[in-house]
Amino acid sequence: MQEDAEAKTQQLQNFQSDDLLEKLKLLNYEKHLLREYKLKPLSRFYFVKATNPGEQFFMFTLICWWLCKKLGKDMERPQEHDDPNTVIAKIIQILEEIDVPVEFAPNKLIRGAGPICLMVLDVLATQALKVTKVNYQRLHIVQEEEFVGDYLEDNAEIILEKLEDEQNAAALSDDSDLELEAHNFKQLNWLNRQKRAMGDMPASSVATDEQSRELNARLSDHQEWRLELERVLQQLKVFVKADARDWRTHISQMESLNTGIANVAEPTQTQLKKLHSEFTFSLEKIESREKHLNNELQQLIQQYKELSIELSTVQYAQTQLQADSEQQMTQLSEVMAEQELKKQEMERRGQVMSDGSSVQQIKKAIVKLKDDIAQLNLEVALLVHAYDQDTVRQTLGAADQTNN
């Protein structure tokens, strides 16, 4: 009983998901939502079961936002990094604004799938359909022209071999049915005669009546009737006008296809099982060989690892030595450049000392200094003389003022 209830619940959820997708298609969500935001199309049972909660929750909130926008409600477009609780609170607020009872826990919407999410999306889609006023039109079936073609000839032609078998069985089982068979044969022979008459014009109606009387006389004998039936049986065909839209035709086609599938499925499954066993055997063989190779090459692999570690150590030491040698070469070039500068300075000084130009410059400087000193002494003597004259002049002036 519990399994039946679960199966019914699952069927109901599948129906709700299918109905929801049809409503979204009526709202043209593929053009205005998926194509605009470059999203992949949804399957019919996308929101039935939680398989990828993060992606499904984002798609659920995005569709809710789009439907709310259809309803004229103000809601920010959700992003993948938004807080789920904030987005869910906004959706619940909009549901309360449109008078939808919220009788579930908000955390059930975080999974992005399940019956609660289907219910919310279905309510919003239904309200959006009411707002957009989608009109439905009655289904109009176009009457097709009646035709009898190769299809009907191939599929509706009844070969009368079965009828012959049935008549043979009836003749062997009950001789009382002979008169009925003779009557049926008269009708069939009349149809065949009319068919031949359409191709070849008869000589006269009198000849036809005579042939009929002769045939009736011959039919008195059961053996002769049976031979006549075998002679004309190959020319008798009954055409049944079939309607391609008839449900009986569809059922017969379905049964024939189902029988064909059942006939093909058994050898196909046998071949698939054989392929599965062969693949399993090959995989096991490959796995065993891989284990064998690993066991044999384990020592070599270990040696390779050790050599690889040693090689990396040597390469690192070589790199360090190259860096040190480059640094020392740089220092050597700097020392050589400095040595070159010192050498040039020493050569310049030696050249100056060997020429004696410095001594001559010193002597010239001394003579210039002596001339400057003598000039300064003269200027000092003149200044002292002028100062003494000024002092004497001031003293004489003060004495004259005292005498007066």
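This text gives an overview of the structure that appears in the document. Given the structure is predicted, the values throughout are model-derived calculations rather than measurements.

Overall, the coordinates contain one aromatic pair when judged by the stated rule. Each ring, one from Tyr46 and one from Phe47, has its centre 5.0 Å from the other, and the planes form 90 degrees; the classification is edge-to-face. A relative accessible area of 13% places Tyr46 in the buried class.

Right, let's talk about the nonpolar core for a bit. With 42 residues, the main nonpolar core has Phe47, Phe60, Ile63, Leu67, Val120 and Leu124 as its most contacted residues. Taken together, the elements giving at least two residues each to this core come down to α1 (2–26), α2 (29–34), α3 (53–70), α4 (84–97) and α5 (115–132). Setting aside residues up to four positions removed in sequence, Phe47 forms contacts with Leu20, Leu42, Gln56, Met59, Phe60, Ile63, Gly112, Ala113, Gly114, Leu118 and Leu121.

Enumeration according to the criterion identifies one cavity of 30 Å³ or more in this entry. Every residue lining the largest cavity is listed: Ser17, Leu20, Leu21, Leu24, Leu42, Ser43, Arg44, Phe45, Tyr46 and Phe47. Tallied by class, the residues present in the lining of the largest cavity amount to seven nonpolar, two polar and one charged.

Turning our eyes to something else, we now look at a nonpolar patch on the surface. On the surface, Leu293, Leu297, Leu300 and Ile301 cluster together to form a nonpolar patch covering roughly 330 Å² of accessible area. Looking at where Leu297 falls in the secondary structure, it is placed in the loop between α11 (247–296) and α12 (298–355).

Once that is clear, we can look at the side chain of Gln56. If you trace the backbone, Gln56 turns up in helix α3. Looking at Gln56, the relative accessible area reads 1%, which means it is buried. Within polar-contact distance, the side chain of Gln56 engages the backbone oxygen of Tyr46 at 2.9 Å. Sequence-distant contacts of Gln56, that is, excluding residues within four places in its chain, are made with Tyr46, Phe47, Lys49, Ala50, Thr51, Arg111, Gly112 and Ala113.

For side chains of opposite charge, pairing can occur when their charged atoms come near one another. Counting across every chain of the model gives seven salt bridges. For Glu97, the salt bridge identified is with Lys73, shortest N-O distance 3.8 Å. Of the two residues, Glu97 is situated in helix α4 and Lys73 in the loop between α3 and α4; the sequence distance between them amounts to 24 residues. Residue class for Glu97 comes out partly exposed when judged on its relative accessible area of 43%. A relative accessible area of 28% means that Lys73 is categorised as partly exposed. We note a salt bridge from Asp390 to Arg393, for which the minimum N-O separation is 3.9 Å. Here Asp390 and its partner Arg393 are both found in helix α13 (residues 357–403), three residues apart, which amounts to about one turn of the helix. The class of Asp390 is partly exposed, set by a relative accessible area of 34%. Shared partners join several salt bridges into a network, and the residues in it are Asp19, Lys23 and Asp122.

With that out of the way, let us pick up unusual backbone geometry. For residues besides glycine, phi is generally negative; the peptide bonds are generally trans as well. Backbone geometry places Asn28, a non-glycine residue, at a positive phi of 60 degrees. Following the sequence through the fold, Asn28 ends up in the loop between α1 and α2. The partly exposed category is assigned to Asn28, whose relative accessible area is 33%. Located in the positive-phi region is Asp99, a residue other than glycine, with phi close to 65 degrees. Considering the arrangement of structural elements, one finds Asp99 in the loop between α4 and α5. Judged by its relative accessible area of 69%, Asp99 falls in the exposed class.

Conventions used here
- Residues numbered from 1 in each chain as written.
- Predicted model: local features only at pLDDT ≥ 70, side-chain atom pairs only at ≥ 80, totals over all residues.
- Heavy atoms only, no water.
- Phe/Tyr/Trp six-rings, centres within 6.5 Å; stacked < 30°, edge-to-face > 60°.
- Buried < 20%, exposed > 50% of the residue type's maximum accessible area, 1.4 Å probe, protein only.
- Core = buried A, V, L, I, M, F, W, Y, C linked by side-chain atoms within 4.5 Å.
- Helix = DSSP H or I, 4+ residues; strand = E, 2+ residues; numbered from the N terminus.
- Contact = heavy atoms within 4.5 Å.
- 1 Å grid on protein atoms, 1.4 Å probe; cavity = no way out; pocket = protein on both sides within 12 Å on 5 of 7 lines; lining within 4 Å.
- Points joined across faces, edges and corners; volume = space filled by probe spheres on them.
- Nonpolar A, V, L, I, M, F, W, Y, C, P; charged D, E, K, R; others polar.
- Patch = residues over 30% accessible without salt bridge, like charges linked within 9 Å, V, L, I, M, F, W, Y side chains within 5 Å.
- Areas by Shrake-Rupley, 256 points an atom, 1.4 Å probe, with all protein chains shown as cover.
- Salt bridge = Lys/Arg side-chain N within 4 Å of Asp/Glu carboxyl O.
- Polar contact = N/O pair within 3.5 Å; in protein donor to acceptor, adjacent residues only side chain to side chain.

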